[in-house]
Amino acid sequence: MKLFTAWSSFYPILIAILFFELIIVIHEGGHFVAAKLMKIKVNEFAIGMGPKIFSFKKGDTRYSLRCLPIGGYCAMEGEDEDSEDSGSFSKKSVPARMFVVVMGAVMNLILGFVIILCIVCNQQLIGTTTVAEFAENAVSSQSGLQAYDTIKSIDGMRIFTATDIQTGLSRSPDDTVRMVVERDGKRESFDVTFATEEYEGKQIINMDFVLFGKQKTPLSVLKNSAQVFISFTRMVFLSLHDLLAGRYGLSDISGPVGAVSIVSKSVKISWFSMCRIMALLTINIGLFNLFPIPALDGWRFFLLLGELIFKRKLPAKWEYAINAAGIIVLLGFMVVITFSDISKFFK
């Protein structure tokens, strides 16, 4: 019994760690495939970090599996230093280098879309934005919302999917939102009040209605998957906007430790919940890597874009200095966030 209890507590954490390793492998795999397509020499492609478990060499590349499932890398010739090798990263054209740099994040986004596609394929119906019925004693129905209303916007945020409705309600600072609905072919706008419930010390809106679903077809599955992908992408930018606007504080941000905790909790809830969180995380990581922040792929892409436009490279000493500063800031930020994550457990 004790062994079963220990395993039931451990396996969600293991799944979360392996998922983050998958994100890294997919990311580095994107760089690897792109480098091979551009005839760039890859010295080593590693899964994991730390001491090697085993490795083998094929062609110019050594493939290795390392003991710690907390990272990985694709080490290209001439990536961070000058090299006279004709197959080095530094010797390739700017468009070729841009392609290699961006493909890591692109693969993370593709992974997110594939996960969403799997979710939609396994749903019995495709969700709509039309209210079907209310829960018993639903507060929102007392504020003017009616069955068969199609929700068009919440607090000014346009609604395209059921996911958008959840996002719009979750962003409300209180229990009341401004809704625009389509009713009998006409649009109406009014304030809708909801009951709230406490979750991790915060009051959140309790969505007290269900939405109509529609039958699946191959085309509707692809369309809805694309719409949900866009909704998740928008969710990332809305969260960033809310953070910069001061609606969220440092304690609301999760780092690797907090993210593992979130994924492991979702594993215990349901397969559906786990996959939604995983899709959102990999899309978040993919987009974040595209931001022009020093030490990230987006910054390198930004520098290459400048080189393509102005036909000049940023001096190496300045590039190294900016990257070093970016790494220090990011590491410092991660230390603070990780400390915040750990302190939440003790609280």
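Residues numbered from 1 in each chain as written. Predicted model: local features only at pLDDT ≥ 70, side-chain atom pairs only at ≥ 80, totals over all residues. Heavy atoms only, no water.

A.B. asks: Tell me about the overall build of the protein chain, and name the residues and values.
C.D. replies: In terms of regular secondary structure, the protein chain is built from eight helices and ten strands. Looking at the protein chain as a whole, 39% of its 347 residues qualify as buried. Taking all contacts inside the protein chain whose residues are at least 6 apart in sequence as the whole, residues at least 24 apart take part in 64%. Of the accessible surface of the protein chain, which amounts to about 19,700 Å², a share of 64% is contributed by carbon and sulfur atoms. (Helix = DSSP H or I, 4+ residues; strand = E, 2+ residues; numbered from the N terminus. Buried < 20%, exposed > 50% of the residue type's maximum accessible area, 1.4 Å probe, protein only. Contact = heavy atoms within 4.5 Å. Areas by Shrake-Rupley, 256 points an atom, 1.4 Å probe, with all protein chains shown as cover.)

A.B. asks: Requested: an account of the side chain of Ser88, with residues and values cited.
C.D. replies: Here Ser88 is to be found in the loop between β2 (61–76) and α2 (94–122). Only 3.0 Å separates the side chain of Ser88 from the backbone oxygen of Asp85, close enough to count as a polar contact. (Polar contact = N/O pair within 3.5 Å; in protein donor to acceptor, adjacent residues only side chain to side chain.)

A.B. asks: Run through a nonpolar patch on the surface, naming residues and quoting values.
C.D. replies: Taken together, the side chains of Ile47, Ile53, Phe54, Phe56 and Leu65 present a nonpolar region at the surface, about 440 Å² in accessible area. Per element, the largest residue contribution to the nonpolar patch is four residues, and it comes from strand β1 (residues 42–58). Residue classification places Leu65 among the partly exposed residues on the basis of a relative accessible area of 31%. (Patch = residues over 30% accessible without salt bridge, like charges linked within 9 Å, V, L, I, M, F, W, Y side chains within 5 Å. Salt bridge = Lys/Arg side-chain N within 4 Å of Asp/Glu carboxyl O.)

A.B. asks: How would you sum up the pattern of salt bridges? Please name residues and give values.
C.D. replies: Applying the stated criterion across every chain, the model contains eight salt bridges. Residues Arg183 and Glu188 are paired through a salt bridge, measuring 3.3 Å at the closest nitrogen-oxygen approach. Residue classification places Arg183 among the buried positions, given a relative accessible area of 13%. In the salt-bridge network here, residues are joined through shared partners; they are Asp149, Arg183 and Glu188.

A.B. asks: Could you give an account of the packing of helix α4 (residues 218–244) against helix α6 (residues 271–290), naming the residues involved and the relevant values?
C.D. replies: Look at α4 against α6: their axes get within 10 Å of each other, and the N-to-C directions meet at 60°. As the angle between them shows, α4 and α6 are arranged oblique. As for how α4 packs across α6, the hand of that crossing is right-handed. Across the interface between the two elements, Phe229, Phe232, Thr233, Met235, Val236 and Phe237 from α4 touch Arg276, Ala279, Leu280, Ile283, Asn284 and Leu287 from α6. Class assignment for the residues of the contact of α4 with α6 results in nine nonpolar, two polar and one charged. (Axes fitted to C-alpha atoms, helices over the stretch in contact; angles between N-to-C directions. Parallel < 35°, antiparallel > 145°, perpendicular 65-115°, else oblique. Left-handed = near helix turned anticlockwise from the far one by under 90°. Nonpolar A, V, L, I, M, F, W, Y, C, P; charged D, E, K, R; others polar.)

A.B. asks: Go over the nonpolar core, please, and point to the residues and values.
C.D. replies: With 26 residues, the main nonpolar core has Phe19, Ile115, Ile116, Phe232, Val263, Met278 and Ile283 as its most contacted residues. Of all the elements in the fold, those that place two or more residues in this core are α1 (2–37), α2, α4, α5 (256–269) and α6. Among the elements that make up this core, the one with the highest residue count is α6 (seven residues). When sequence neighbours within four positions are dropped, the list of residues in contact with Phe232 reads Ile116, Thr163, Arg276, Ala279, Leu280 and Ile283. Ranked by size, the runner-up nonpolar core spans 17 residues in total, among them Ile159, Phe190, Val192 and Ile205. (Core = buried A, V, L, I, M, F, W, Y, C linked by side-chain atoms within 4.5 Å.)

A.B. asks: Can you tell me about the packing of aromatic side chains, naming the residues and giving the values?
C.D. replies: Aromatic ring pairs are described here by two measures, namely the spacing of the ring centres and the angle between the planes. Counted by the stated rule, this structure contains eleven aromatic pairs. Residues Phe134 and Phe209 carry aromatic rings whose centres are separated by 6.3 Å and whose planes lie at 70° to one another, so their mutual orientation is edge-to-face. Note that Phe134 is positioned in strand β3 (residues 126–134) and Phe209 in strand β10 (residues 209–214), a separation of 75 residues in sequence. Relative accessible area serves as the criterion here: at 24%, Phe134 is assigned to the partly exposed category. On the basis of relative accessible area, Phe209 is assigned to the buried category, the value being 4%. On the basis of an interplanar angle of 45° and a centroid distance of 6.3 Å, the ring pair of Phe194 and Phe209 is categorised as tilted. Remark: Phe209 occurs in strand β10 and Phe194 occurs in the loop between β7 (186–193) and β8 (196–199); sequence separation between them is 15 residues. Phe209 matches Phe194 in its accessibility class, with the two residues each being buried. An aromatic cluster is built from Phe32, Phe45, Phe56 and Tyr63, whose rings are joined through pairwise contacts. (Phe/Tyr/Trp six-rings, centres within 6.5 Å; stacked < 30°, edge-to-face > 60°.)

A.B. asks: So what's going on with helix α7 (residues 297–310)? Residues and values would help.
C.D. replies: For α7, built from 14 residues, the straight-helix expectation of 20 Å at 1.5 Å per residue is met to within 8% by its first-to-last C-alpha distance of 20 Å. Residues of α7 that are buried: Asp297, Gly298, Trp299, Arg300, Leu303, Leu304, Gly306 and Glu307. Two residues or fewer after α7 comes Lys311, characterised by a positive phi angle close to 60°. (Expected span 1.5 Å × (residues − 1).)

A.B. asks: Describe in detail the environment of Leu314, supporting the description with residues and values.
C.D. replies: As for its placement among the helices and strands, Leu314 is situated in the loop between α7 and α8 (316–346). Exposure remark for Leu314: the relative accessible area of 32% places this residue in the partly exposed category. When sequence neighbours within four positions are dropped, the list of residues in contact with Leu314 reads Leu303, Glu319 and Ile322.

A.B. asks: How would you sum up unusual backbone geometry? Please name residues and give values.
C.D. replies: Located in the positive-phi region is Tyr148, a residue other than glycine, with phi close to 75°. Look at Tyr148 and you get exposed, because its relative accessible area is 60%.

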